[in-house]
Amino acid sequence: MTDGATRAVLRAAPGPLKPGLDADASAKNGGYMRKSWKAAGAIAMAALALVLVSCPNPAVDDDDGTPDEFTYKVSVGDTGPTDGGVTVLDQPTVTWSSITGAVAYQVRWSVGSAGLATATAVDTGASTSYTMPPVNDNSNVYWQIRARNAADVWGVWDDAFNFWRETVPTRFSSNPAEADQSWVPGAGTVSWGKIDGAEAYVFEIAPYNDFNPADTGYQLSGELLASEFAPTLLTPGSQRYWRIRIKTAGVLGPWLSARQFWIRWDYTVTPLAPADALVTFDRTPTFSWSAIAGADAYLVETSSETGFLMPQAGSASGTAFTFSTTAPLCAFGQTRFWRVTPKNAEGFQGPVESPVWSITFSDVNTMTMTSPSAPEFSTNQTGTWTSLPGAAEYDLDYSVIEDNPLDGNPEAANLTTNSYDFGAVPRGSPRVWSVRAWNDTVGSPDQTLWTAEDFQFRVAWNYAATPTNDSASRPTFTWTATADGTGNPIWYQYAYGLDAVELAISKESPTFTADWDMPSFLSPITQLENQTCYYSWRARNSEGYFGAWCDFQYTYTK
């Protein structure tokens, strides 16, 4: 309430003029003309200033019979339960900071906020604390204060504070919060809200909630005065359970409820093989990826869809960085998706941060014969073909074209390279060949069809001869001997006649020699003087294939 002196000063001051009022109207607005306002206003302000100095933070009476608010903002003191905090004391002492201009305080409190409005106010005098009578355990207590100034004006009740009264606290705040997944190793301390009544704390942390000292990552503190502890054994990707016990009245109480948080693990998964979107023949592929710092093992998941709703999972070594399936992932023609998640040395799996890659399985034979693949003569006796992605081995079937066509029985099996040396194929002989592939499950039905059977080649047989004769009417021709490349004997075929175009007379040598006496079966034809005759010969290899004809001419002179 304002005192009499203050009210007298306030009433001596004229009221303000409302805009647009004349002198008569102004009389209704405080009873004074505008001219009197300027002079009286200065006197009133000076008098009011003297009153304010002598009486700090007074309420201002607006002449409606009630004082204006004595305004302030209450803050909780350094001792006692914090706002939203916990106390284990059955008679907690609430404290607050002193308020400028206040000479006395009142406190009211209730269990539950709804009872505050009807709670009885308790005078604390100038004291900024109040010890409550016994409070039941497991109670949520609300309390608030108001202050009185030197002018005997009570302010309004300030906003309410609350605390939880519990013998074994479970509701105290903490950092990191329960189930937090963002804790960074080395980030600092694990802290918890101050518990009113606690003389000291003991802190315990472990990777599992059985708090086994034998586990890696377990730590136990001594008695702590501050409500915090800085753990050091924090492995990325691991979980940690922690709890405290409090010392009250010289006695350590039971362990409070455990809380949990996860240690953040930032990593990037980089695939090495197979390439994303690869089409492969191998239904049991080996997946590989780059090493991840802190990983001791990996979880590999494959799925028929990108959401991995029903994944097929397997573990992988932390040193090999590979994962091989032992059974076909899926049928040919299907696509499989895969991803990788690391596990740390404590066996905890990191978050699923891996991108998703795909691999498609096909039994279509896409191999191409690269050499020799054409029917033209060739000196290349090594067959090569493009490799088939996912193929582990190859079979090769080949034969002489006319005598032994391909029968599907491999002449060479279990080839681990995409080439084959045909070896000593006789010169002049043709070959036909075909290839099929096996995936990792060699011997199972997982094989491709044979490639088309029209891949042919013929080994070149290039020979030349320098014929000689004895200048006789019935000469003996000789030439440089040749071979079929395998050490087999060579047969020769001769042809002789007077017409260079048509060599109508021919014979095979039965002696495999490199000379030929003008055969007697040509009689009675004899070589005439200055007559030119033509003859040719060609070689036939051990498989019955002839080389090219070598044509010569001979003129007999006496």
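The structure contained in this document is the topic of the report that follows. (Residues numbered from 1 in each chain as written. Predicted model: local features only at pLDDT ≥ 70, side-chain atom pairs only at ≥ 80, totals over all residues. Heavy atoms only, no water.)

## Looking at the overall build of the protein
Basically, it comes down to this: Helix and strand definitions follow DSSP, with helices as H or I runs of at least four residues and strands as E runs of at least two, each counted in order from the N terminus. Each residue's exposure class comes from its accessible area (1.4 Å probe, protein chains only) as a fraction of the maximum for that residue type: buried when under 20%, exposed when over 50%, partly exposed otherwise. For this analysis, residues touch if any pair of their heavy atoms sits within 4.5 Å. With residues, only the protein chains shown are counted as cover, and all accessible areas are computed by Shrake-Rupley using a 1.4 Å probe.
Along the protein, the regular secondary structure elements total three helices and 39 strands. The proportion of buried residues among the 558 residues of the protein is 41%. Intrachain contacts of the protein at a sequence separation of at least 6 include 64% that bridge at least 24 residues. Accessible area of the protein: about 28,100 Å², with a carbon and sulfur share of 52%.

## Describing the side chain of Asn 162
Where we set the bar: Distance and chemistry together define a polar contact, namely a pair of N or O atoms within 3.5 Å, with one atom able to donate a hydrogen and the other to accept it when in protein, and with adjacent residues in sequence counting only for side-chain atoms on both sides.
Along the chain, the position of Asn 162 falls in strand S7 (residues 161-165). Within the local environment of Asn 162, its side chain forms a polar contact with the side chain of Asn 140, the two groups lying 3.1 Å apart. Excluding anything up to four places from it in sequence, Asn 162 contacts Thr 82, Asp 83, Gly 84, Gly 85, Asn 140, Val 141, Tyr 142 and Trp 143.

## Details of the pattern of salt bridges
What counts, and what does not: Put simply, a salt bridge is a Lys or Arg side-chain nitrogen that is within 4 Å of an Asp or Glu carboxyl oxygen.
On inspection of all chains with the given rule, the structure shows ten salt bridges. The salt bridge partner of Lys 247 is Glu 223, with a shortest N-O separation of 3.3 Å. Pair noted here: Lys 247 is in strand S15 (residues 239-248) and Glu 223 is in strand S13 (residues 219-224), with a separation of 24 residues, a long-range link. Take Glu 223: its relative accessible area is 46%, and that puts it in the partly exposed class.

## Looking at the environment of Ala 548
Along the chain, Ala 548 turns up in the loop between strand S38 (532-540) and strand S39 (550-555). Measuring from C-alpha to C-alpha, the distance between Ala 548 and Arg 538 comes to 5.9 Å, with ten residues separating the pair along the chain. Not counting chain neighbours up to four residues away, the residues in contact with Ala 548 comprise Tyr 463, Trp 537 and Arg 538.

## Re the sheet that holds strand S28 (residues 382-385)
Strands belonging to one sheet form pairs held by backbone hydrogen bonds; the direction of such a pair is parallel or antiparallel. Spelled out, the test is: Two strands are said to pair when DSSP picks up at least two bridges between them. Axes here mean lines fitted to C-alpha atoms, for a helix over just the part in contact, with angles spanning 0 to 180 degrees between N-to-C directions.
Across the sheet, three strands lie side by side as S26-S28-S31; this open sheet has antiparallel pairing. Each of the sheet's edge strands pairs with one partner strand only, and the pair in question is strand S26 (369-371) and strand S31 (419-421). Ignoring which end each strand starts from, the neighbouring axes of this sheet average 25° apart. Across three bridges, S28 lies against S31 in antiparallel orientation. Directly across from Thr 382, in S31, lies its bridge partner Asp 421.

## Brief notes about the pairing of strand S35 (residues 491-497)
Both faces of the sheet carry side chains from a regular strand, because those side chains alternate between them. In terms of burial, S35 is a largely internal element, six of the seven residues being buried. As paired strands, S35 and S38 are joined by seven bridges and run antiparallel to one another. Bridge pairing in S38 links Trp 491 to Arg 540.

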